[in-house]
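This is what each chain is made of:
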Amino acid sequence: MAREKIRIKKIDNITARQVTFSKRRRGIFKKADELSVLCDADVALIIFSATGKLFEFSSSRMRDILGRYNLHASNIDRVMGQPSPYHQVEDCNLSRLSQEVEDKTKQLRKLRGEDLEGLNLEELQRLEKLLESGLSRVSEKKGEFLMSQISSLEKRGSELVDENKRLRERVVTLEMAKTMALKEAVETESATTNVSSYESGAPLEDDFSDTSLKLGLPSWE
């Protein structure tokens with residue numbers, strides 16, 4: 001049975017419209033990504049929903065693609081109409097800039113190892129030297145960054161050693177103060193105990209002597 005063709009018109013139901021928008025948007029973005037991969041094309045899509053929300057997709061940087069679009073001579077001619085002599089010079093400059101952007105884009109692709117088909121040995125060697133020079137600068141910059149990190153870590157380690165030393169000295173001082181306080185407390189308690197023993201012992205001797213006299217017992221002296 002043949003599938004019934006859906007009539008293209010505005011969906012009145014708001015919920016159904018939002019669901020359809022979400023599904024179709026994901027679908028068109030997926031197709032754009034496939035087109036970019038299969039055909040090695042730069043693709044950019046800009047969509048505004050009914051509520052004004054922006055959705056975009058780009059196979060590379062959106063800014064670069066829009067820059068190429070704005071610099072494209074055919075686009076300038078279409079927007080400005082029949083160009084004047086001044087505009088012709090301006091369009092020539094824009095075309096030159098557009099060509100430079102395209103050449104730089106191709107060069108960047110080659111640096112990434114893409115679009116190498118058709119290059120002769122001399123071009124490949126020149127590209128290899130360019131990559132080696134760039135890799136050398138990257139390695140040099142990486143070395144500077146690592147040395148900076150090592151210097152920072154060594155400084156931090158020295159600070160931690162000093163802090164650890166100060167903490168150890170503080171612990172020793174606290175232990176000494178604690179020991180001295182404990183010693184003073186023990187000495188004070190011992191002195192108090194001796195005085196108490198002396199004071200409590202004298203009256204007992206007097207009481208015993210008085211009792212002996214009263215009972216007529218012989219004196220021990």
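Placed above this text is the structure.
First, a word on what this report is: a plain description of the structure on this page. (Residues numbered from 1 in each chain as written. Predicted model: local features only at pLDDT ≥ 70, side-chain atom pairs only at ≥ 80, totals over all residues. Heavy atoms only, no water.)

For the rest of this paragraph, the subject is the overall build of the protein chain. The number of helices and strands found in the protein chain is 5 helices and 2 strands. Taken from N to C terminus, the helices and strands of the protein chain fall in the order α-β-β-α-α-α-α. About 19400 Å² of surface is accessible on the protein chain, with carbon and sulfur atoms providing 58% of the total. (Helix = DSSP H or I, 4+ residues; strand = E, 2+ residues; numbered from the N terminus. Areas by Shrake-Rupley, 256 points an atom, 1.4 Å probe, with all protein chains shown as cover.)

It is worth spelling out the layout of surface pockets at this point. By volume, the largest pocket amounts to about 520 Å³. Surrounding the largest pocket, 17 residues form its lining, Ile11, Arg17, Gln18, Thr20 and Phe21 being those nearest its centre. The greatest single-element share of the lining of the largest pocket, amounting to 6 residues, is contributed by helix 1 (residues 14-39). Split by residue class, the lining of the largest pocket holds 7 nonpolar, 4 polar and 6 charged. In this structure, the second largest pocket spans a volume of roughly 330 Å³. Around the second largest pocket sit 16 residues that line it, and Asp42, Ser60, Asp64, Thr105 and Leu108 are the ones nearest its centre. Mapped by element, the contributors of at least two residues to the lining of the second largest pocket are helix 2 (62-71) and helix 4 (85-111). (1 Å grid on protein atoms, 1.4 Å probe; cavity = no way out; pocket = protein on both sides within 12 Å on 5 of 7 lines; lining within 4 Å. Points joined across faces, edges and corners; volume = space filled by probe spheres on them. Nonpolar A, V, L, I, M, F, W, Y, C, P; charged D, E, K, R; others polar.)

Ranked by size, the top nonpolar core spans 6 residues in total: Phe29, Ala32, Val43, Ile47, Phe55 and Phe57. When near neighbours in sequence (up to four residues on either side) are disregarded, Phe55 contacts Phe21, Arg25, Phe29, Leu45, Ile46, Ile47 and Ser49. (Core = buried A, V, L, I, M, F, W, Y, C linked by side-chain atoms within 4.5 Å. Buried < 20%, exposed > 50% of the residue type's maximum accessible area, 1.4 Å probe, protein only. Contact = heavy atoms within 4.5 Å.)

To continue, consider helix 1. Helical geometry note: an α-helix holds 3.6 residues per turn, so side chains three or four residues apart project in the same direction. Taking 1.5 Å of rise per residue, 26 residues should cover 38 Å, and helix 1 covers 37 Å from first to last C-alpha, within 8% of that figure. Every buried residue of helix 1 is accounted for by Ser22, Arg25, Phe29, Ala32 and Ser36. On its buried face, helix 1 is in contact with strand 1 (44-48) and strand 2 (54-58). One or two steps after helix 1, the chain reaches Asp40, where phi turns positive at roughly 55°. (Expected span 1.5 Å × (residues − 1).)

Once that is clear, we can look at the pairing of strand 2. The side-chain alternation of strand 2 yields one buried face, formed by Phe55 and Phe57, and one unburied face, formed by Leu54, Glu56 and Ser58. Relative to strand 2, strand 1 runs antiparallel, the two being bridged by 5 bridges. Of the residues in strand 2, the one forming a bridge with Ile46 is Glu56. Connecting strand 1 to the next strand, strand 2, in antiparallel fashion are 5 residues, including Gly52 with a positive phi near 90°. (Pairing = 2+ DSSP bridges.)

With that out of the way, let us pick up the side chain of Ser36. Mapping Ser36 onto the fold places it in helix 1. Given a relative accessible area of 12%, Ser36 falls into the buried group. A distance of 3.0 Å separates the side chain of Ser36 from the backbone oxygen of Ala41, its partner in a polar contact. Ignoring any residue separated from it by four or fewer positions in sequence, one finds Ser36 in contact with Ala41, Val43 and Ser59. (Polar contact = N/O pair within 3.5 Å; in protein donor to acceptor, adjacent residues only side chain to side chain.)

This part is about unusual backbone geometry. In this model, Asp40 sits at a positive phi of 55°, which is unusual for a non-glycine residue. Mapped onto the fold, Asp40 is located in the loop between helix 1 and strand 1. The exposure class assigned to Asp40 is partly exposed, which follows from its relative accessible area of 41%.

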